[in-house]
Structure formats: structure tokens, C-alpha cells
Amino acid sequence: FFFSSRRRHTRSLCDWSSDVCSSDLPLLPATDLKPNGLIDQEGNFLGNGIRTLRPSPKLLQACYEELTLQIQTLLQMGLKPSHLDSHHHVHTIPWLLPVIAGLQQRFKIFKLRNTMNVYDLSITHPGKKLLLAKQFWRQTARLLGSEMTQRFTSLRIFFADPFRDEFRKSSSIELMCHPGQSGFE
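Residues numbered from 1 in each chain as written. Predicted model: local features only at pLDDT ≥ 70, side-chain atom pairs only at ≥ 80, totals over all residues. Heavy atoms only, no water.

J.: Can you break down the overall build of the chain residue by residue, with the values?
T.: In terms of helices and strands, the chain carries 7 helices and 2 strands. For the chain, the residues scored as buried account for 43% of the 185 residues in total. Considering only contacts within the chain whose residues lie at least 6 apart along the sequence, 56% involve residues at least 24 apart. (Helix = DSSP H or I, 4+ residues; strand = E, 2+ residues; numbered from the N terminus. Buried < 20%, exposed > 50% of the residue type's maximum accessible area, 1.4 Å probe, protein only. Contact = heavy atoms within 4.5 Å.)

This is how it looks when you write it as C-alpha cells:
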């Protein structure tokens, strides 16, 4: 969850914006992850490709072990994660919820990044099926003990209209940005 995609190039921990089963290199040996389909031929995480995998007990165990190692590495460095989050938002994949819940119990990190729930009004709003899936994910995560902000959106969407009802009526808002990356907020 917690290693920057820059780690692949520098082989060092750079920031807290991070990758669970994403474009980064794993900490576990490839032999532990390749049979589960979590990495490609070069040994990189699949990124959004993880969404196409069919969950199995072995896949869930491999995800749990990799993420445990990532969190343990941070703790050994003296860093205490404030919340669980992931690059490509893969932590919002419903079949990963048992893994997330297990990590939360083990490491006592109950804050979890929400799934995006405020959208650009100039772009087509997500369909009902996606909104229902997101609502199901949020409710299930909360039932499993997760604490989340009420709203989650991009910095760009927020600044387009910071006085929207969704923001004014919210007790907490998390804004996503990608500093230093061309084409992002």
C-alpha cells in the first residue's frame, strides 16, 4: 500500500502515496506472487490488472502476505501509517475487503481511504450499478471496522465548486492530488 511508484527506479522508499498490487515491485519473492497472477513477466504488480483476477484463498493469502511485509517495512523504518490506501484504488476491490480487514486488525490501522464519491458535474455521472457497488463497498468496509472520510474526490473537482452541497454538508473531505505529475492536479 505504501510505496511510491518511484521506488521502482530508486530502490528506496520515497513517500506514502502507494501501491498495493500496483505498478510497483513487490517485496515478496516473485515465486510467491507469480503463481497467483499478481505480477507480470518483469516482476511488476499488475496495476489495474488485478481487477481481472478471480479471487482464491491462495490469491488472498498472497495479497495479505505482501501487504503485511509492506506495512512491517514501514514500521521497521519508524514510520506509522495513518491510514490504508492504494495506488489505482485497488483497496476498493470488493474481494480484497477480507485482506484489508485482516491488516486493520493486525496493525490496528482502522482508517481507510474511501472510494471516490463526488464527481465532475460536467462529465457523465457514474451509472447506478457502479454507485451501488461503491455503496456496498463502503457499508461493508464500515461494518468490518473501517473509518473513512465522508467525501473523497480530486482537488480539481473540489476547486471547481467548493461550495457544492456535497462539500458544505460534509463533516470530512479527503482530496486526492498528484503533485509533480504533468496532467494531474
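Next comes the rest of the account.
J.: Describe the environment of asparagine 117, listing the residues and the values that go with them.
T.: With respect to the element layout, asparagine 117 can be found in the loop between helix 4 (97–107) and helix 5 (128–143). Taking C-alpha positions, asparagine 117 is 8.2 Å from lysine 134, a pair spaced 17 residues apart along the chain. Beyond its immediate stretch of four places on either side in the chain, asparagine 117 contacts Arg138, Gln150, Arg151 and Phe152. Among the polar contacts made by the side chain of asparagine 117, one reaches the main-chain amide nitrogen of phenylalanine 152 at a distance of 2.8 Å. (Polar contact = N/O pair within 3.5 Å; in protein donor to acceptor, adjacent residues only side chain to side chain.)

J.: Account for unusual backbone geometry, naming residues and giving values.
T.: Residues other than glycine seldom take positive phi values, yet lysine 108 does so here, at roughly 55 degrees. With respect to the secondary-structure elements, lysine 108 resides in the loop between helix 4 and helix 5. Residue lysine 108 is classed as exposed on the basis of its relative accessible area of 54%.

J.: Would you mind going over the packing of helix 3 (residues 57–76) against helix 4 in detail, with residue names and values included?
T.: Helix 4 packs onto helix 3 with a crossing angle of 35 degrees between their chain directions and a minimal axis gap of 10 Å. Here the hand of the crossing between helix 3 and helix 4 comes out right-handed. Where helix 3 approaches helix 4, its residues Leu60, Cys63, Tyr64, Leu67, Thr68, Ile71, Gln72 and Leu75 are matched on the opposing element by Val99, Gly102, Leu103, Arg106 and Phe107. (Axes fitted to C-alpha atoms, helices over the stretch in contact; angles between N-to-C directions. Left-handed = near helix turned anticlockwise from the far one by under 90°.)

J.: How would you explain helix 5 if you had to name every residue and give the values?
T.: If you check helix 5, its first and last C-alpha atoms are 22 Å apart, about what 16 residues at 1.5 Å a residue would give, namely 22 Å. Within helix 5, the full set of buried residues consists of Lys134, Trp137, Arg138 and Ala141. Down the axis of helix 5, the buried side of the element spans an arc of 95 degrees, and every buried residue falls inside it. Across from the buried face of helix 5, at angles greater than 90 degrees, the exposed residues are Lys128, Lys129, Leu132, Phe136 and Leu143. In the core, the buried residues of helix 5 are packed alongside helix 4. Downstream of helix 5 by one or two residues, glycine 145 has phi in the positive range, about 105 degrees. (Expected span 1.5 Å × (residues − 1). Arc of directions from axis to C-beta.)

J.: Before we move on, can you summarise the packing of aromatic side chains with the specific residues and values?
T.: Using the criterion set out here, one finds 2 aromatic pairs in the structure. Aromatic pair phenylalanine 158 and phenylalanine 167: ring centres 4.9 Å apart, planes at 65 degrees, arrangement edge-to-face. Of the two residues examined, phenylalanine 158 and phenylalanine 167, each falls in the buried class. (Phe/Tyr/Trp six-rings, centres within 6.5 Å; stacked < 30°, edge-to-face > 60°.)

J.: Could you give an account of the confidence of the model for the chain, naming the residues involved and the relevant values?
T.: Averaged over the chain, the pLDDT score is 81; the fraction of residues at 70 or greater is 84%. Mean pLDDT values for the elements of the chain range from 33 in helix 1 (residues 7–10) up to 95 in helix 4. A low-confidence stretch, residues 1–23 stays under pLDDT 50, and its non-local contacts, those more than four residues away or across chains, total 87 contacts. (pLDDT = per-residue confidence, 0-100.)

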